[in-house]
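# Notes for the structure review
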Amino acid sequence: MVSGSTVQKRLTVDSDVARKSLVPTRVAVPVLIALYIAILVLPVTAAWLQELPPRKWQDDLSSGLAMCAFAGIMMEFLLSGRFRFVSSYIGIDTTMRVHQLIARTLTITVLVHPFLYVTGTPNYPMPWDTTRQASVDFGPTCVLTGLIAWLALIIVVAMGIFREQRGGSYEAWRASHGIGAVVVAVFGTVHALEAGRYSADAFLAWFWIAMLAMAMFTLAWVYLVKPIWQRQNPYTVRSVRRIADRTWELVVAPARGDVIPFEAGQFVWLNVGHSPFSLNENPFSIASAPTECGQLAFVIKEVGDFTRSIGKVEPGAEAFIDGPHGNMTIAGRNASGIALYAGGVGIAPILSILRDLRDGGDLRPVLLLYGNRAEEQIVYRDELQEMTLLLDLEIEHFLSEPPEGWNGRSGMIDEAALDEAFEGRDVAVLLHVICGPLPMIESIEAALLARGVPSRQIISERFYYD
Ligand SMILES: Cc1cc2nc3c(=O)[nH]c(=O)nc-3n(C[C@H](O)[C@H](O)[C@H](O)COP(=O)(O)OP(=O)(O)OC[C@H]3O[C@@H](n4cnc5c(N)ncnc54)[C@H](O)[C@@H]3O)c2cc1C
């Protein structure tokens, strides 16, 4: 067990995260942001450099906004979460939040695009404007392609926002989201090439074609290339066992060779019993340690269609893995003390981290705050207890519905609980890793920030991907 004074040792955290990747995060993230902004403003810059005759400011504003927005929309394909060079640097949560925020912002911009053209004095093709350089083309192809892309974008974004309220299967929503996005990309590109005053320029025309090719490549990568690779590298279910109320442990092993290399804390998309070309796959954190190279273990909580059927999966069933993804790892983060927070099944990636620390003989002080509703929901209790003998580990169990005679903590892992757990300790110098329900993550993050922990020392992941 770790005493308060042990954790109070002078702990330092290297925020720059010398991750086991080629490019450090502190370099990669600004480069990715700069590249993104450059691509967004490139079409407007190219249009401006054409020095075409002036026209109504509303028309140019409309064209400029539409070009920026459409470039951003095409970049959304890259942000859809399956590209490790994006999500491993900024994390899957941030990737998806950015994806949604950008989609919603750009949609508002695109919404006003057609209306700006019809404001002010009319600018239909004038007899004197034979090259149509000073007027807007309202020809049927231009209007129709623009209208289709415009409506499809609104529908795709609205369906994303109201996905939960609408109900229905996640797989059906994902298929419709993908098809809608392709309609926006294809018709939007044709519209830009046909109607765009500036896109008639060869450079801009090639830019839009390249963006469309990039968008189609990302789809081909996720739905064709990866499944082909998965089919050549199948896994087999080794065991399935119930470990707590509505909670299962699933272990898979590669049919040949080693498991995929990963860092403790990462997750994969798991497909059990379906073709790798199907959409039936779900994200799950790996609960085993990377040192266990012969197999991958998962802790799965029953929620919906797939997770409720886990108990029926037979050993020997075929499985496919896409990953690893995510950046909720402590690997490469030069912290000399770690605080782990797990809520319910959020223990899965935390287990992987703890098992990795144990297998690596890591003796840094670690504090685990593990919250559940009821005592029977605590998983791997004995293994966790054993770890306290092998690691410099202290565990605090929290139950929101404690049984009589419970000698752990009662209630949630809230501000008061944190103050108690860290009493006399310098919380600001620890690396904090949080996984669990969103309200738990948000309240712990807010409490840590209020206590002076720099945000770069807090890493978290919520088990929700939309
Ligand atoms: C990064 C990450 C790691 C996770 N790790 C774990 C874990 O270790 N253990 C665990 O029990 N749960 C984990 N989850 C949650 C788990 O993915 C969902 O509970 C599971 O997918 C639900 O599937 P279902 O078919 O049973 O339920 P459904 O009713 O079909 O889905 C419930 C919700 O789960 C999400 N979901 C479903 N299918 C997918 C999909 N293909 N891709 C993305 N999201 C989907 C959607 O938000 C959906 O609304 C994790 C989620 C994420 C994002």
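If you're wondering where the values come from, they're calculated on a predicted model, not measured in any experiment. (Residues numbered from 1 in each chain as written. Predicted model: local features only at pLDDT ≥ 70, side-chain atom pairs only at ≥ 80, totals over all residues. Heavy atoms only, no water.)

### Topic: the sheet that holds strand E14 (residues 458–462)
Read across the open sheet, the 6 strands follow the order E12-E11-E10-E9-E13-E14; overall the sheet is parallel. Each edge of the open sheet is held by one strand with a lone partner, namely strand E12 (409–410) and E14. Here strand E11 (residues 393–399) runs beside E12; their pairing, made up of 2 bridges, is parallel. Each residue of the ladder has a partner; that of Phe-398, found in E12, is Arg-409. Against the sheet, helix H11 (residues 347–359) contacts strand E9 (338–343), strand E10 (366–372), E11 and strand E13 (431–436), and its axis sits at roughly 145 degrees relative to E9. Running over the sheet, helix H14 (residues 438–450) touches E9, E13 and E14 and is turned about 160 degrees from E13. (Pairing = 2+ DSSP bridges. Helix = DSSP H or I, 4+ residues; strand = E, 2+ residues; numbered from the N terminus. Contact = heavy atoms within 4.5 Å. Axes fitted to C-alpha atoms, helices over the stretch in contact; angles between N-to-C directions.)

### Regarding the side chain of Thr-388
With respect to the secondary-structure elements, Thr-388 resides in helix H12 (residues 381–390). Among the polar contacts made by the side chain of Thr-388, one reaches the main-chain carbonyl oxygen of Gln-385 at a distance of 2.4 Å. (Polar contact = N/O pair within 3.5 Å; in protein donor to acceptor, adjacent residues only side chain to side chain.)

### Thoughts on the sheet that holds strand E3 (residues 247–254)
Paired through backbone hydrogen bonds, the strands of a sheet run either parallel or antiparallel to each other. A sheet is described by the order of its strands in space; here 6 strands give the open sequence E5-E4-E7-E2-E3-E6, paired in antiparallel fashion. Two strands bound the open sheet, and with one partner strand each, they are strand E5 (282–285) and strand E6 (296–301). Averaged over all neighbouring strand pairs, the angle between strand axes comes to 40 degrees, with direction disregarded. Where strand E4 (residues 267–272) and strand E7 (residues 318–325) come together, 5 bridges link them in antiparallel fashion. The partner of Phe-267 across the bridge, within E7, is His-325.

### Some words on the site of the ligand
Taken together, 24 residues lie near the ligand, and Glu-281, Pro-283, Val-299, Lys-301 and Thr-307 sit nearest. At a separation of 3.0 Å, an oxygen atom of the ligand approaches a polar side-chain atom of Arg-163. Within the side chain of Thr-307, a nitrogen or oxygen atom sits 2.5 Å from an oxygen atom of the ligand. The element that contributes the greatest number of residues to the shell around the ligand is E5, accounting for 4 residues. When its residues are assigned to classes, the shell around the ligand shows 14 nonpolar, 4 polar and 6 charged. (Near = heavy atom within 4 Å. Nonpolar A, V, L, I, M, F, W, Y, C, P; charged D, E, K, R; others polar.)

### Brief notes about the packing of H11 against H12
Contact pair H11 / H12: the axes reach a minimum separation of 11 Å and the direction vectors enclose 35 degrees. In this structure, H11 crosses over H12, and the sense of that crossing is left-handed. Facing H11, whose interface residues are Leu-351, Leu-354, Arg-355 and Arg-358, H12 presents Glu-383, Leu-384, Met-387 and Leu-390. Of the residues in the contact of H11 with H12, the class split is 5 nonpolar, no polar and 3 charged. (Left-handed = near helix turned anticlockwise from the far one by under 90°.)

### Quick word on the nonpolar core
Judged by nonpolar contacts, the single largest core of 35 residues is most densely connected at Leu-340, Ile-350, Leu-354, Leu-368 and Val-433. At the level of elements, strand E2 (235–244), E9, H11, E10, H12, E11 and E13 are the ones that each hand at least two residues to this core. Tallying contributions element by element places H11 first for this core, with 7 residues. The two domains that each donate at least three residues to this core are domain 1 (4–15 + 330–462) and domain 3 (231–325). Leave out the neighbours within four places in its chain, and Leu-368 touches Leu-340, Ala-342, Ile-347, Ile-350, Leu-354, Leu-384, Leu-393, Glu-394, Ile-395 and Glu-396. Within the second largest apolar cluster, 33 residues are counted, among which are Met-74, Trp-150, Val-184 and Met-211. (Core = buried A, V, L, I, M, F, W, Y, C linked by side-chain atoms within 4.5 Å. Buried < 20%, exposed > 50% of the residue type's maximum accessible area, 1.4 Å probe, protein only. Domains from an automatic or database assignment.)

### Some points on unusual backbone geometry
Note that the residue after Gly-323, namely Pro-324, is joined by a cis bond; omega there is 0 degrees. If you check the backbone angles, Arg-246 has positive phi at about 55 degrees while not being a glycine. Looking at where Arg-246 falls in the secondary structure, it is placed in the loop between E2 and E3. Backbone geometry places Tyr-380, a non-glycine residue, at a positive phi of 50 degrees.

### Things to note about the environment of Thr-145
Positionally, Thr-145 belongs in helix H6 (residues 140–161). By relative accessible area, which is 8% here, Thr-145 ends up buried. Sequence separation between Thr-145 and His-191 is 46 residues, and the spatial gap between their C-alpha atoms is 5.2 Å. Ignoring anything within four residues of it in the chain, the contact list for Thr-145 reads Phe-187, Val-190 and His-191. For Thr-145, the side chain forms a polar contact with the side chain of His-191, separated by 3.5 Å.

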